[in-house]
Amino acid sequence: MRVTAIRATPVAVPYRTDEIWAFGRRSGLVAVLVEIDTDEGLTGLGEAAAYPSADMVLSVLRGLEPLVIGSDPFRIEQLIQRIDVVGTWHHINSSSPAIGAVETACWDLVGKACGQPLVNLFGGRFRDEVEFFHYVAADTPEAVKAEGQRAAAAGARTCYLKVGADALATDIERVAALRDGAGPAMGIRVDANEAWSPGAAVRAVRALEEYGLELVEQPVSGRNLPEMAYVRSRINTPLLANEASWTRSDQLAVIQHGAADVISVDHQMDGGLLNLKRSAGLCAAAGLPVLKHSLGELGVALAAATHVIAATPNFRYANQAYGALLTDDIVADGFGGPQENYRNGCLPVPDAPGLGVSLDPDRVARYADLYRTAAADFTFHDPHALTHAPALPKR
């Protein structure tokens with residue numbers, strides 16, 4: 001089997017409510033769907049988050065064509081080594097989503113050719129379903145409380161909330177409102193996206209711990225691992241590394257510095273599903289649990305990650321997904337997409353060969369057209385964030 005073409009389709013899918021964080025907001029999710037055709041008539045599916053932009057992803061995919069077309073999609077290790085070394089793409093982290101989409105599409109081809117779901121090719125089922133958190137936008141306390149109630153009614157077990165507001169009192173109000181709405185049993189994970197200095201992080205986390213935190217994600221800069229270790233030693237809530245742990249090399253450094261209790265891993269930020277499995281293995285050797293990060297995914301990338309997570313024991317926490325925000329998806333199989341497709345915050349592992357999902361042509365056409373006509377509406381559009389240059393740490 002040989003690769004004959006790489007086809008890429010950017011799509012934009014609206015949210016039901018804006019995604020809001022410390023430095024802006026966006027009203028939908030942009031992704032680039034990747035289809036790899038072969039000389040035997042099989043087509044493999046992949047998906048790249050539009051990180052840092054859809055144009056960057058499309059440019060990388062064009063650059064990869066000479067390295068991928070004509071290759072044997074079964075020789076995934078060889079292909080990725082060619083991309084990394086001959087193509088020198090390993091030097092640029094922003095190329096990873098495109099590379100990961102190509103690698104995922106190759107795995108989809110292998111699974112389809114073998115008649116096996118990917119979970120069986122990555123070690124077999126350790127679990128039959130995978131848990132994801134409920135994403136709560138950093139809105140008014142009233143809106144946050146209502147979203148907590150919605151999450152509890154849907155059976156979610158973990159809520160995720162952005163913190164790092166300009167005033168700590170705002171964060172406290174939001175976390176208190178989420179606890180009030182979601183109830184005492186809900187796990188609450190907060191993410192500061194590097195907004196705090198070490199001293200501010202300790203004060204903030206201690207203030208928020210009154211409301212029962214499950215994890216605090218990246219409270220300080222991911223580029224200064226000693227200060228992460230300092231904060232970790234002075235709070236009671238487990239510290240989750242994210243911006244500090246994009247790649248396996250980053251994760252190794254976090255482990256060496258004792259800078260986190262839990263490590264976030266991501267096949268799009270580290271170039272593929274094999275590396276996602278390797279990341280989890282590296283952390284397991286250090287005695288650490290992991291969870292899946294997301295830059296914003298639709299059903300193709302979500303299905304790919306679900307197979308690997310299901311086959312890997314140390315994914316012990318709810319993973320990141322966008323079901324609480326999405327209005328729709330681009331797959332035809334009812335996988336992923338809006339919250340209604342989740343059961344108690346979980347998704348089943350697809351059974352069909354390969355990724356186990358297929359594209360819905362009508363939805364792809366609709367959201368490809370939306371991208372062509374309104375792509376700017378799906379970038380971060382907060383007027384304040386666009387006209388100011390925020391400095392980090394905030395305090």
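Up top you'll find the structure we're talking about.
Residues numbered from 1 in each chain as written. Predicted model: local features only at pLDDT ≥ 70, side-chain atom pairs only at ≥ 80, totals over all residues. Heavy atoms only, no water.

**Quick word on the overall build of the chain**
Within the chain, the regular secondary structure consists of 13 helices and 12 strands. Radius of gyration (C-alpha) of the chain: 20 Å, near the 21 Å computed for a compact globule of 395 residues. Along the first, second and third principal axes, the C-alpha set of the chain runs to 60 × 45 × 45 Å. Looking at the 395 residues of the chain, the share that counts as buried comes to 59%. Put simply, of all contacts in the chain between residues at least 6 apart along the chain, 75% involve residues at least 24 apart. Put simply, the chain shows about 14800 Å² of open surface, and 51% of that area lies on carbon and sulfur atoms. Within the chain, one finds 34 positive and 47 negative side-chain charges whose respective centroids are separated by 4 Å. (Helix = DSSP H or I, 4+ residues; strand = E, 2+ residues; numbered from the N terminus. Rg over C-alpha atoms; globule rule 2.2 N^0.38 Å. Buried < 20%, exposed > 50% of the residue type's maximum accessible area, 1.4 Å probe, protein only. Contact = heavy atoms within 4.5 Å. Areas by Shrake-Rupley, 256 points an atom, 1.4 Å probe, with all protein chains shown as cover. Lys, Arg positive; Asp, Glu negative; His and termini not counted. Charge placed at Lys NZ, Arg CZ, Asp CG, Glu CD.)

**Looking at the environment of Leu215**
As for its placement among the helices and strands, Leu215 is situated in strand β8 (residues 215-217). Here the alpha-carbon distance between Leu215 and Ile255, two residues 40 residues apart in the chain, equals 17 Å. Discounting chain neighbours no more than four positions away, the residues touching Leu215 are Ile188, Arg189, Val190, Thr237, Pro238, Leu240, Val262, Leu291 and Tyr317.

**Digging into the packing of aromatic side chains**
Counted under the stated rule, the structure contains 7 aromatic pairs. Between Phe132 and Tyr342, the ring centres sit 6.1 Å apart and the planes meet at 85 degrees, which makes this aromatic pair edge-to-face. Of this pair, Phe132 sits in the loop between β4 (129-131) and β5 (134-136) while Tyr342 sits in the loop between α11 (299-310) and β12 (346-348), placing them 210 residues apart in sequence. No difference in accessibility class separates Phe132 from Tyr342, as the two residues are buried. Aromatic side chains Phe133 and Tyr160 sit 4.4 Å apart centroid to centroid with 5 degrees between the ring planes, which places their arrangement in the stacked category. Placement of Phe133 in the loop between β4 and β5 and of Tyr160 in strand β6 (residues 158-162) is noted, with a sequence separation of 27 residues between them. (Phe/Tyr/Trp six-rings, centres within 6.5 Å; stacked < 30°, edge-to-face > 60°.)

**What to know about the pattern of salt bridges**
The final tally for this structure, using the stated rule, is 25 salt bridges. For Asp266, the salt bridge goes to Lys292, with nearest N and O atoms at 3.4 Å. Of the two residues, Asp266 is situated in the loop between β10 (262-265) and α10 (273-285) and Lys292 in strand β11 (residues 290-292); the sequence distance between them amounts to 26 residues. This pair shows no difference in class: Asp266 is buried, exactly as Lys292 is. Between Arg372 and Asp369 there is a salt bridge, and its shortest N-O distance comes to 3.6 Å. (Salt bridge = Lys/Arg side-chain N within 4 Å of Asp/Glu carboxyl O.)

**Focus on the side chain of His267**
Structurally, His267 can be placed in the loop between β10 and α10. Using a relative accessible area of 1% as the deciding quantity, one classes His267 as buried. Beyond its immediate sequence surroundings of up to four residues, His267 is in contact with Gly100, Thr104, Gly272, Leu273, Leu276, Lys292, Glu297, Ala301 and Ala305.

**Remarks on the sheet that holds β5**
One key point about sheets: their strands pair by backbone hydrogen bonds, in either a parallel or an antiparallel sense. Strand order in the open sheet formed by 7 strands is β5-β6-β7-β8-β9-β10-β11, with parallel pairing between adjacent strands. Edge positions in the sheet fall to β5 and β11, since each has one partner strand and no second. Direction aside, the axes of adjacent strands within the sheet are offset by 30 degrees on average. Alignment of β5 against β6, held across 3 bridges, turns out to be parallel. By the bridge assignment for β6, Tyr135 is matched with Tyr160. Docked against the sheet, helix α9 (residues 248-257) engages β9 (239-241) and β10, running at close to 175 degrees with respect to β10. (Pairing = 2+ DSSP bridges. Axes fitted to C-alpha atoms, helices over the stretch in contact; angles between N-to-C directions.)

**Describing helix α12 (residues 361-374)**
With 14 residues, α12 extends 20 Å from end C-alpha to end C-alpha; this agrees with the ideal 20 Å at 1.5 Å per step. Regarding α12, the residues found buried are Val364, Tyr367, Ala368, Tyr371 and Ala374. All buried residues of α12 lie within an arc of 160 degrees about the axis, which places them on one face of the element. Structural note: α12 exposes Pro361, Asp362, Arg372 and Thr373 on the side pointing more than 90 degrees away from its buried face. Packed against the buried residues of α12 are β1 (3-21), β2 (24-38) and α1 (54-68). Regarding α12, its N-cap is Asp360, as a side-chain oxygen of that residue lies 3.0 Å from the backbone nitrogen of Asp362 further along. (Expected span 1.5 Å × (residues − 1). Arc of directions from axis to C-beta. Polar contact = N/O pair within 3.5 Å; in protein donor to acceptor, adjacent residues only side chain to side chain.)

**A few points about helix α2 (residues 76-86)**
All of the buried residues along α2 are Ile76, Leu79, Ile80 and Ile83. The arc that holds the buried residues of α2, viewed along the axis, is 95 degrees, so those residues lie on one side. Trailing α2 by a residue or two, Thr88 shows a phi angle of about 60 degrees, which is positive.

Shape descriptors only; they carry no functional weight alone.
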